[in-house]
Amino acid sequence: MENQEKIKLGWFSYSCCEDSTIVMTEIMNEHWQDWKKLFDFRHARVLKSNNLMDEFDVAFIEGAIASPAQEEIVKEIRSKAKKVVAVGACACVGLPAGQRNTFTEGQKEAIDFLITRFGALPKVLKLSDVIKVDVELPGCPMNPDAFLKAVDALVKELRPQS
Ligand code: SF4
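Residues numbered from 1 in each chain as written. Predicted model: local features only at pLDDT ≥ 70, side-chain atom pairs only at ≥ 80, totals over all residues. Heavy atoms only, no water.

1. Things to note about the overall build of the protein
Then step 1. When helices and strands are tallied, the protein shows 5 helices and 5 strands.
Then step 2. Reading the protein from its N end, one meets helices and strands in the order β-α-β-β-α-β-α-α-β-α.
Then step 3. Against the globule reference of 15 Å for 162 residues, the protein gives a C-alpha radius of gyration of 17 Å, in line with a compact fold.
Then step 4. With the C-alpha coordinates of the protein rotated into their principal frame, the extents come out at 60 × 30 × 25 Å.
Then step 5. Looking at the protein as a whole, 42% of its 162 residues are labelled buried.
Then step 6. Of the contacts formed within the protein by residues at least 6 apart in sequence, a portion of 77% connects residues at least 24 apart. (Helix = DSSP H or I, 4+ residues; strand = E, 2+ residues; numbered from the N terminus. Rg over C-alpha atoms; globule rule 2.2 N^0.38 Å. Buried < 20%, exposed > 50% of the residue type's maximum accessible area, 1.4 Å probe, protein only. Contact = heavy atoms within 4.5 Å.)

2. Concerning the sheet that holds strand S5 (residues 135-137)
Then step 1. Strand order in the open sheet made by the 5 strands is S2-S1-S3-S4-S5, with parallel pairing throughout. A strand with exactly one partner marks an edge of an open sheet, and here the two such strands are strand S2 (39-44) and S5. Going across the sheet, the axis of each strand differs from the next one's by a mean of 25°, ignoring polarity.
Then step 2. Of the strands in this sheet, strand S1 (7-13), S2, strand S3 (56-62) and strand S4 (81-87) are in contact with helix H1 (residues 19-38), which crosses S2 at around 150°. (Pairing = 2+ DSSP bridges. Axes fitted to C-alpha atoms, helices over the stretch in contact; angles between N-to-C directions.)

3. Things to note about the site of the ligand
Then step 1. Close to the ligand lie Cys16, Cys17, Glu18, Asp19, Ala89, Cys90, Pro96, Gly139, Cys140 and Pro141.
Then step 2. Considered class by class, the residues forming the shell around the ligand number 7 nonpolar, 1 polar and 2 charged. (Near = heavy atom within 4 Å. Nonpolar A, V, L, I, M, F, W, Y, C, P; charged D, E, K, R; others polar.)

4. Observations concerning helix H5 (residues 144-158)
Then step 1. Taking 1.5 Å per residue as the helical rise, H5 with its 15 residues ought to reach 21 Å, and the 21 Å between its terminal C-alpha atoms agrees with that figure.
Then step 2. What H5 keeps buried is the set Phe147, Ala150, Val151, Leu154, Val155 and Leu158. All buried residues of H5 fall inside an arc of 135° around its axis, so they share one side. Among the exposed residues of H5, those oriented more than 90 degrees off its buried face are Asp145, Lys149 and Lys156.
Then step 3. Those residues of H5 that are buried are in contact with S1, H1, S2, S3, S4 and S5.
Then step 4. Looking at where H5 begins, the residue whose side-chain oxygen comes 2.8 Å from the main-chain nitrogen of Asp145 is Asn143. (Expected span 1.5 Å × (residues − 1). Arc of directions from axis to C-beta. Polar contact = N/O pair within 3.5 Å; in protein donor to acceptor, adjacent residues only side chain to side chain.)

5. Describing the side chain of Lys83
Then step 1. Relative to the assigned elements, Lys83 resides in strand S4.
Then step 2. Beyond its immediate chain neighbours, meaning those up to four positions away, Lys83 contacts Asp57, Val58, Ala59, Arg78, Asp134, Leu154 and Glu157.

6. A look at the pairing of S2
Then step 1. Counting buried residues along S2, 5 of its 6 residues qualify, which places the element largely inside the surrounding structure.
Then step 2. On the question of chirality, the crossover connecting S1 to the parallel S2 by way of H1 is right-handed. (Right-handed = clockwise from strand over helix to strand, strands pointing away.)

7. Considering the packing of aromatic side chains
Describing an aromatic ring pair means giving the distance of the ring centres and the angle of the ring planes.
Then step 1. Counting across every chain of the model gives 7 aromatic pairs.
Then step 2. Each ring, one from Trp11 and one from Phe147, has its centre 6.0 Å from the other, and the planes form 85°; the classification is edge-to-face. Within this pair, whereas Trp11 is found in strand S1, its partner Phe147 is found in helix H5, the two being separated by 136 residues in sequence. In this pair, the class of Trp11 matches that of Phe147, namely buried. (Phe/Tyr/Trp six-rings, centres within 6.5 Å; stacked < 30°, edge-to-face > 60°.)

8. Description of the environment of Asp57
Then step 1. Structurally, the position occupied by Asp57 is in strand S3.
Then step 2. Asp57 has contacts with Lys6, Ile7, Lys8, Lys82, Lys83, Leu158 and Arg159, leaving out every residue within four places of it along the chain.
Then step 3. Engagement of the side chain of Asp57 in a polar contact is seen with the backbone nitrogen of Lys8, the distance being 2.7 Å.
Then step 4. Side-chain polar atoms of Asp57 contact the side chain of Lys82, separated by 2.7 Å.

The values reported here are purely geometric and, on their own, carry no functional implication.
Laid out in structure tokens, this is it:
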């Protein structure tokens with residue numbers, strides 16, 4: 001890796017509880033010494049305040065998509081990322097964050113004023129409803145071993161010499 005550029009990463013969270021973010025930071029306790037040589041965290045609000053939206057080798061996106069603003073930002077991330085990983089069940093299948101999709105008509109009517117007030121989409125979307133997803137990491141939250149396996153596979157693919 002010495003003669004190669006670090007892998008540029010982004011970590012993003014949308015409509016969700018951010019538990020996979022917590023899992024990722026817990027995993028860092030064991031892996032940060034290797035990761036700091038391998039990865040350039042361009043955008044990860046859980047890790048730093050000075051974040052960049054320029055280019056990513058891999059963008060990890062957690063959470064469902066519940067507003068037009070979120071749709072736009074994930075499209076922007078997609079346009080800047082070589083690989084997009086959907087992290088956790090909310091990103092992969094839209095649930096449990098999108099529980100309101102399963103409401104009865106009466107329940108939907110009862111929350112209608114909130115949908116309007118917050119400018120939310122009529123239906124909560126999974127990430128692949130909005131953009132192309134390269135890898136899915138299901139689970140609520142994601143499984144740490146599956147995450148590490150996916151990270152290893154992406155490193156091998158993006159930096160075969162490392
Ligand atoms: S998948 Fe589960 S852990 Fe992950 S953001 Fe959604 S509710 Fe939270």
